[in-house]
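Residue-level structure breakdown
Chain by chain, the residues run as shown.
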2 protein chains.
Amino acid sequence: MVVGGDAAGMSAATQARRLRTAAELQITVLEQGHDVSFSACGIPYWVGGQVAGRNELIARTPAEFAAQDISVHTGTRAAGIDLAAGAVVTEHGTRFGYDTLVIGTGGRPTRPPIPGLDAPGVFGVHRLEDGAAIRTAIDAGARTGLVLGGGYIGLEMAEALLARGLAVTVVLADPLPMQLLDADMGERVCAGLRAMGIVVHTDSAVREVLLDGDGRACGVRTDGASYEADLVVLGLGMGPEVTLAADAGLALGVTGAIDVDRSQRCRDHPEVFAAGDCAQTFHRVSGEVAHVPLGTHANKQGRVAGSVIGGRPARFAGVLGTAVTKVGDLEVGRTGLCTTQAEEAGFAYRTDVIEATTRAGYFPGAEDVAVKLVSERGSGHLLGAQVVGGPGSAKRIDVLATAIWAGMTAEDLAGSDLSYAPPFSPVYDPVAVAARAVSRTEQG
Amino acid sequence: MVVGGDAAGMSAATQARRLRTAAELQITVLEQGHDVSFSACGIPYWVGGQVAGRNELIARTPAEFAAQDISVHTGTRAAGIDLAAGAVVTEHGTRFGYDTLVIGTGGRPTRPPIPGLDAPGVFGVHRLEDGAAIRTAIDAGARTGLVLGGGYIGLEMAEALLARGLAVTVVLADPLPMQLLDADMGERVCAGLRAMGIVVHTDSAVREVLLDGDGRACGVRTDGASYEADLVVLGLGMGPEVTLAADAGLALGVTGAIDVDRSQRCRDHPEVFAAGDCAQTFHRVSGEVAHVPLGTHANKQGRVAGSVIGGRPARFAGVLGTAVTKVGDLEVGRTGLCTTQAEEAGFAYRTDVIEATTRAGYFPGAEDVAVKLVSERGSGHLLGAQVVGGPGSAKRIDVLATAIWAGMTAEDLAGSDLSYAPPFSPVYDPVAVAARAVSRTEQG
């Protein structure tokens, strides 16, 4: 039995089915929405018009899962879990018994208690229906858009609205966008946004959503100003959706997400697994518990749960919080600990920032790229990395994520054998240049 | 004293200067050509017209080095090394005494004993003069080009000639281009070349260069056929240029390149260093000696020599032979051991090939990419990797190179935290998909 038919839940179902036949294991998925296995990360690109249709965002339909003997009930909201009896109860009172349960209820978009936030004209970016609603608003003539929040989703929605010809304003409570970047790198992002015509108001907590005579959102008010717009998009981050688990009495961790062991198992209820945005996880570098809602983790955690359920031992290996995004030609990548996180985790760290180009300096299309490394003083171990630059920058974060994953030092990475050809990088890749900057000074 | 003013030599000079002032260490570089510190790898792009001028390929001029108190003598060919006296003698008899010598004589393009190979109309791709000569021939009206050899340089020159509007034929003695790829991946490259209109003749050793009435190359003859062309370009690979070292009595290794220890020092002559294409090195995975002429290695080995000379211990960490190239929209990357190399090194290995896309399948510009992994049976350690695909494919080899460098297993990599966003990759990056394919079957 799986509750929640998105990345984590469907990965668990699919992996368990790979290992166990329908005769051995019956798999049922309850999903409150209309779609399973869809790409929430693709919504901004559907809104922006780069992806043609909503169906393209649906990786697999319930019918395709049915062909694998995975029974999916869409439009079926689980209202309660009866742990003692081993059953999930739907909002309409139907009981589904289970031997093993996977909770994949996902994330809940952060909705601070701001008056007017529930008004029509204020849009989330969570379900395909949200994307459809924004598209409808744009098609109906919206010319100006306000995005609240400056994380990945906020910035991707800003790009999407810009692509559709709207005048876009981003309003942030924080001093800079992308709080998982250090301030110096966040400033580069902020400057990039402004250079492409996006108005960015920082240090501007929204106090109220302004409503027109019809009760529809027409702007927001901060302490210092009011901003009008035809539509308001929420990109205020994501918390864990744990209502069902908490009501059932499953333990939550300090992050507020469901507490699980490394096999994604609830500690007091070994027959219950949780995976994805609703589950607590741990950081590979700090070893500390963490809640990092990203589709990549959800997929992998779901697979771990599915493997264990299918009879093959598996353990989730932790997260670095590796992520990439783009806004127009500005690309951003980050992995591991930023300085705030390194500080909190008690590391003695140093930072190095280098500027380089994505291709040989003389090659057409060579773009500026800045690479920042956070490394442990003394040992030289890489703790985290951030990349901001033009096209070709972001995916370089994967090299740094791999190096951090493997426990490499900056000196190891500086000496490693990365590829070079003029259309692809300078003779020393920007990643290696950054690693050299650390290792050179660390050696004195 | 440095002999050879290209990547290895100038890296050694620059690094030594960083660590020692002009008062502490006098640095003199002898270079037989007119340029130092130029990008030989950029020549195809200059010929192809993507890079505007030859000066763009020159990273630094002798005057710029002089400003760093590095004295460069261009047009000065070293004719002999007097190891006993510690002196280099030029072809005109001038003696330069040294306390420490760095040999960076580079590579020598392979020139098999084919009649006519020295005729006008046959071009190397080694010095900037070679590029200039090919450009002149094209500007003078060449309409057809023959490229001999299917390695990086050969294929990049094929692209360059195609870009200039020539009809291009590649003639290979080998059964496939890119001998450092496995046959199945080489076939993908071969198919890609043909799809873009390049004629490829494989298993076709050239027996003779055909000459016109003026003694100028006008084609080649293989055992089975003759091919006419206005110009012939040599891309037959690169051996070590060791004449000077061998004549002086310095030991060569089994690869034919100068034998050095991990500090780039000649074992019997600790006052002499060698770095770059003229020096033997070792493979990081197999531990075996190797000769892998690439600019990346030359730069790093030069730095190691310069560090040691400057008084800071340093060791070269080995090569994986990581390399990338492109021909039109076809991108190729490779690192570590291909199956032939794994076999020779005595590994029990397995191979896995997966096909994926460079971006989310629904995202515009998603291109097919194939990833092949060579891994050790039992341990699952990654030994080598190859990537062939559309734009966005090649640089993914750096993630695999980093994983191999760090000694990761396929399972480690499959669990690692690589980035995802629809414009950059599917939710599981192709690299992770390949690693999963290994780890899944390796587990049974």
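That block above? That's the structure.
Just so we're clear, the structure is a prediction, and the values are computed from it rather than from any experiment. Within each chain, residue numbers correspond to sequence positions counted from 1 in written order. In the order they appear in the text, chains get letters beginning with A and ligands get numbers beginning with 1. Owing to the predicted nature of the model, reporting of local features is limited to residues with pLDDT of at least 70; listing and counting of side-chain atom pairs is limited to 80 or more, with chain, interface and lining totals taken over all residues.

**Considering the overall build of chain A**
In this text, helices come from DSSP runs of H or I with a minimum length of four residues, and strands from runs of E with a minimum of two, each type numbered from the N-terminal end. Each helix and strand in chain A was counted, giving 12 helices and 25 strands. Using C-alpha atoms as the atom set, the radius of gyration is obtained and then compared with a globule rule of 2.2 Å times the number of residues to the power 0.38. The globule rule puts the C-alpha radius of gyration for 444 residues at 22 Å, and the 23 Å found for chain A is close to it. Seen along its three principal axes, the alpha-carbon backbone of chain A occupies a region of about 65 × 60 × 40 Å. Around each residue's C-beta, the other C-beta atoms within 10 Å are counted; 20 or more make the residue buried, 12 or fewer make it exposed, and counts in between make it partly exposed. All C-beta atoms are placed from the backbone. Counting the 444 residues in chain A, one finds 55% classified as buried. It is the C-beta atoms, placed from the backbone, that decide contacts: two residues are in contact if theirs lie within 7 Å. Taking the intrachain contacts of chain A between residues at least 6 apart in sequence as the baseline, contacts between residues at least 24 apart amount to 65%.

**Side note on the relation of the copies chain A and chain B**
Relative to chain B, chain A is turned by 180° and slid 0.0 Å along the rotation axis, the superposed coordinates differing by an RMSD of 0.0 Å. Both copies are brought into coincidence by an operation consistent with a two-fold rotation axis. Rotation axis and chain A: the residue whose C-alpha lies nearest the axis is Val399(A), separated from it by 2.4 Å. Interface residue correspondence from chain A to chain B reaches 100%, placing this contact among same-surface, isologous pairings. Least-squares superposition aligns the copies on the C-alpha atoms of those residues with pLDDT at or above 70 in both.

**Some points on the packing of helix α1 (residues 7–19) of chain B against helix α8 (residues 295–310) of chain B**
All names here are of chain B. The contact between α1 and α8 brings their axes to 7 Å, and the two run at 35°. Crossing handedness for the pair α1 and α8: right-handed. Listed contacts from α8 to Ala7, Ala8, Gly9, Met10, Ser11, Ala12, Ala13, Thr14, Gln15, Ala16, Arg18 and Leu19 of α1 are Gly295, Ala298, Asn299, Gln301, Gly302, Arg303, Ala305, Gly306, Ser307, Ile309 and Gly310. Only the contacting stretch of a helix is used when fitting its axis, a line to C-alpha atoms as for every element, and angles between N-to-C directions run 0 to 180 degrees. We call a crossing left-handed when the near helix sits turned anticlockwise from the far one by less than a right angle, and right-handed when that turn is clockwise.

**A look at unusual backbone geometry**
Here Gln264(A), not a glycine, exhibits a phi torsion of approximately 70°, which is positive. On the secondary structure map, Gln264(A) appears in the loop between α7 (243–248) and β18 (272–274). Here Gln264(A) falls in the buried class, since 32 other C-beta atoms lie within 10 Å of it. The residue Asp69(B) is not glycine, and still its phi comes out positive at about 60°. By the element assignment, Asp69(B) lies in the loop between α3 (62–67) and β3 (70–73).

**Describing the pairing of strand β4 (residues 78–82) of chain B**
Residues and elements named next belong to chain B. The pairing criterion for strands is at least two bridges between them, as found by DSSP. Alignment of β4 against strand β5 (residues 87–90), held across 4 bridges, turns out to be antiparallel. Looking at the pairing, Ile81 lines up with Val88 of β5. Linking β4 back to β5 in an antiparallel pair, the connection comprises 4 residues, with Gly86 at a positive phi of about 70°.

**Some remarks on the nonpolar core**
As used throughout, a nonpolar core is a set of buried Ala, Val, Leu, Ile, Met, Phe, Trp, Tyr and Cys residues joined through C-beta atoms within 7 Å of each other. In this structure, Val232(A), Leu382(A), Leu148(B), Val232(B), Val233(B) and Leu382(B) are the most contacted members of the largest nonpolar core, which totals 204 residues. Apart from the residues within four sequence positions on either side, Leu382(A) is in contact with Leu373(A), Ser375(A), Leu400(A), Ala403(A), Ile404(A), Met408(A), Thr409(A), Ala410(A) and Leu413(A).

**Considering the environment of Tyr362(B)**
Among the structural elements, Tyr362(B) can be located in the loop between β23 (349–357) and β24 (368–376). By C-beta crowding, Tyr362(B) is classed as buried, having 22 other C-beta atoms within 10 Å.

**Let's talk about the sheet that holds strand β12 (residues 199–201) of chain B**
Residue and element names in this part refer to chain B. The strand order β9-β16-β10-β11-β12 describes an open sheet built from 5 strands, whose pairing is parallel. If you trace the sheet from one side to the other, it starts and ends with β9 (122–123) and β12, each paired once. Note that strand β11 (residues 167–171) and β12 share 3 bridges and pair parallel. For Val171, the partnering residue across the bridge sits in β12 and is His201.

These figures capture arrangement, not role.
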